[in-house]
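# Examining the three-dimensional arrangement
Now for the letters of each chain:
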2 protein chains.
Amino acid sequence: MATSQKVFGHIAGYPKGSAFSNRPAASKAGLHTPYMQGISGNGADGVNSIVVSGGYKDDEDYGSHIIYTGHGGQDANGKQVADQSLSDPGNAGLVTSQLRGLPVRVLRGSKGEPEYSPQSGFRYDGLFQVTEHWSSIGIDGHRIWQFRLEELNKTDAESWQPPLPTGNANPGVQQSTVTRVTRDTKVSRSVKDLHNDACQVCGIALKVPGGTTSEGAHIRALKKPHNGPDTPDNVLCLCPNHHTLLDNGGIYVDESLHVRDMNHQVIGPLRLAKGHTIDLAHLEYHRSLWNV
Amino acid sequence: MATSQKVFGHIAGYPKGSAFSNRPAASKAGLHTPYMQGISGNGADGVNSIVVSGGYKDDEDYGSHIIYTGHGGQDANGKQVADQSLSDPGNAGLVTSQLRGLPVRVLRGSKGEPEYSPQSGFRYDGLFQVTEHWSSIGIDGHRIWQFRLEELNKTDAESWQPPLPTGNANPGVQQSTVTRVTRDTKVSRSVKDLHNDACQVCGIALKVPGGTTSEGAHIRALKKPHNGPDTPDNVLCLCPNHHTLLDNGGIYVDESLHVRDMNHQVIGPLRLAKGHTIDLAHLEYHRSLWNV
């Protein structure tokens, strides 16, 4: 069982939609090996499966997109009575899965959101990816950590079919994994123009044939539950590295507009540009996500 | 007209699907101002519109995704008789549009790919984004530059509705511009593991709470027309900055496995890891895309 806990991706013989009458049956199939825990994995290996079954009242299930609450801090009645911690193995594992781009098998149980859950037992609902995490104060008044899981598209999910150990020499037209394409809104474009593509953290504007390039980073994300505005005062012009760090809590901007790393060391002042006002409340919101 | 040539995004009163009997009518509407040229724009401003009408035999139209050949090198009969250059204003403008994430209005004419083109005249087919460009030897035996244009999704396209100069303070659930999410295949994941997330160019592994992060960069892209394999020997472990530079021709790897910038200056040796073999043919293919 220790081995199957480290198997990532689809399990041979159990396609998406496979139904199980109970948790032991799903465990035997290798889809989610723990009998009780909702999260299978740890910080070192990442999480290979979760069960979504209504156990946390802060969860939100939108079908192909789930806001999943981390593990810990509940009493026997499912009430949140203490803060959750990122050092909990399951929570640390979900961070690892996000950072490493690992696929997470999602099983839904009958006690979950009725629209997307099976009427009885448990169902394997395919591979998802952790795309974001943050902390907030949950419904019961304690700190929780939440993880956004988004279902992999068909072609990305297929790349995790077993066994495929040596890659696919002829991926064909279905293979569509895409990275590095960024889309600008008109707003983020305007901010990048004010900075001439120079990163507001390090000052670098990446040089490529034809010009320079940068990324427009929303300080408070647009998506639920953050609901940040798509306005210039919520956008920073960053190089891809500092965009990645900002989005993952590797850097933050303090109240005096200095950029600090995750150990709170000052990297330098946030570089400003005439005409680009930044809303301090969005920076404060970003800090609250990382509990700093 | 000089002003309208710099208008990016949708044009008020002419939604996607608007039909025009000829080019002057489309010009008067402000959708594509030049009467003759297929590309409207230049290197400084970027391209705000193109016409796809079968003028270049190397074009490929897949509807929501177009492989568009740059301008230049044709004789009066449309035969390619000379190499194209990225310094051509239209071609330089398409690079600028890619780097700046600018939206490009696409008009199709009746001489284009029958499946996606109007039966007569010209039709405004909405906003696309240049997501990639490369050079190759075209059907007629001369160097051409090609640009991949992909249609913006509905929400991204809506962000370019006029006038919206100050952003959208309440973007709501439709707003879905996403950046910085990368998806790994099993193969790119394996390469990143071999390097412990250390960039093969600069050695940096970005530190964030919970671990480190990097990106798996395909040397020869998977998509058409590149058709690279999804195998470890076609993947590099890179930081986001060097991934962006690799994908846009800002760096390349020479025959002696040294990384060079776009001015051919050596940055350093490509960092290797035991167990990670790189196919030199893929590096050669990457160089050919940038004509180095």
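A brief look at the structure comes next. (Residues numbered from 1 in each chain as written. Chains lettered and ligands numbered in written order. Predicted model: local features only at pLDDT ≥ 70, side-chain atom pairs only at ≥ 80, totals over all residues. Heavy atoms only, no water.)

## Here's the deal with the overall build of chain A
- Looking only at helices and strands, chain A features six helices and 15 strands.
- For 292 residues, the compact-globule estimate of 2.2 N^0.38 gives 19 Å, and chain A sits close to it at 21 Å.
- Along the longest, intermediate and shortest principal axes, the C-alpha atoms of chain A span 60 × 55 × 35 Å.
- Pairs at least 24 residues apart make up 58% of the contacts formed inside chain A by residues separated by at least 6 positions.
- Carbon and sulfur atoms make up 52% of the accessible area of chain A, which totals about 12100 Å². (Helix = DSSP H or I, 4+ residues; strand = E, 2+ residues; numbered from the N terminus. Rg over C-alpha atoms; globule rule 2.2 N^0.38 Å. Contact = heavy atoms within 4.5 Å. Areas by Shrake-Rupley, 256 points an atom, 1.4 Å probe, with all protein chains shown as cover.)

## Description of the environment of Phe147 of chain B
All names here are of chain B.
- Looking at the element boundaries, Phe147 is found in strand S8 (residues 143–151).
- Along the chain, Phe147 and Pro162 lie 15 residues apart, while their C-alpha atoms are 26 Å from each other.
- Those residues in contact with Phe147, other than ones at most four positions away along the chain, are Ile66, Ile67, Tyr68, Gly70, Leu86, Asn91, Leu94, Val95, Val130, Glu132 and His133.

## Details of the pattern of salt bridges
All names here are of chain B.
- Summed over the entire model, instances satisfying the criterion amount to 26 salt bridges over all chains.
- In this structure, Glu151 engages Lys16 in a salt bridge whose closest nitrogen and oxygen atoms are separated by 2.5 Å. With Glu151 in strand S8 and Lys16 in the segment before strand S1 (19–20), the pair connects residues that are 135 residues apart, well separated along the chain.
- With a relative accessible area of 27%, Glu151 lands in the partly exposed category.
- Take Lys16: its relative accessible area is 52%, and that puts it in the exposed class.
- A salt bridge links Asp61 to Arg108, with the shortest nitrogen-to-oxygen separation between them at 2.7 Å. (Salt bridge = Lys/Arg side-chain N within 4 Å of Asp/Glu carboxyl O. Buried < 20%, exposed > 50% of the residue type's maximum accessible area, 1.4 Å probe, protein only.)

## So, the sheet that holds strand S13 (residues 251–253) of chain B
Residues and elements named next belong to chain B.
- Read from one edge to the other, the open sheet built from three strands follows the order S13-S14-S15, with strand pairing classed as antiparallel. Edge positions in the open sheet fall to S13 and strand S15 (266–269), since each of these has one partner strand only. Direction aside, neighbouring strands of the sheet carry axes that sit 20° apart on average.
- Of the pairings in the sheet, the one linking strand S14 (residues 258–261) to S15 comprises three bridges and is antiparallel in character. Residue pairing for S15: Val259 is matched across the bridge by Gly268. (Pairing = 2+ DSSP bridges. Axes fitted to C-alpha atoms, helices over the stretch in contact; angles between N-to-C directions.)

## A look at the side chain of His65 of chain B
Residues and elements named next belong to chain B.
- On the secondary structure map, His65 appears in strand S5 (residues 65–69).
- Taking relative accessible area as the criterion, His65 reaches 19% and is therefore assigned buried.
- For His65, the residues in contact, after removing those within four places along its chain, are Glu60, Phe128, Arg148 and Leu149.

## What to know about the packing of aromatic side chains
All names here are of chain A.
- Scanning the entire structure with this criterion turns up four aromatic pairs over all chains.
- On the basis of an interplanar angle of 50° and a centroid distance of 6.4 Å, the ring pair of Trp145 and Trp290 is categorised as tilted. With a gap of 145 residues between them, Trp145 in strand S8 (residues 143–151) and Trp290 in the segment after helix H6 (280–289) connect regions that are remote in the sequence. The exposure classification of Trp145 matches that of Trp290, with both residues buried. (Phe/Tyr/Trp six-rings, centres within 6.5 Å; stacked < 30°, edge-to-face > 60°.)

## Section: the packing of helix H5 (residues 240–247) of chain A against helix H5 (residues 240–247) of chain B
- Direction vectors running N to C along H5 of chain A and H5 of chain B enclose 140°, while the axes themselves pass 6 Å from each other. By the angle between their axes, H5 of chain A is oblique relative to H5 of chain B. Considering how the two elements wind past one another, H5 of chain A and H5 of chain B form a crossing that is right-handed. Contact residues: H5 of chain A offers Pro240, Asn241 and Thr244 of chain A, while H5 of chain B offers Pro240, Asn241 and Thr244 of chain B. (Parallel < 35°, antiparallel > 145°, perpendicular 65-115°, else oblique. Left-handed = near helix turned anticlockwise from the far one by under 90°.)

## Looking at unusual backbone geometry
- The backbone phi angle of Asn227 of chain A is positive, close to 55°, even though this residue is not glycine.
- Unusually for a residue other than glycine, His264 of chain B sits at a positive phi of about 70°.
- Along the polypeptide, His264 of chain B turns up in the loop between S14 and S15.

## Observations regarding the pairing of strand S6 (residues 103–109) of chain B
Residue and element names in this part refer to chain B.
- Taking burial as the measure, the seven residues of S6 include seven buried ones, the bulk of the element.
- Burial along S6 is two-sided: the face carrying Pro103, Arg105, Leu107 and Gly109 and the face carrying Val104, Val106 and Arg108 are both buried.
- Where strand S3 (residues 46–52) and S6 come together, four bridges link them in parallel fashion. The residue of S6 that forms the bridge with Val51 is Leu107.
- Here S6 runs beside strand S7 (residues 122–137); their pairing, made up of six bridges, is antiparallel.

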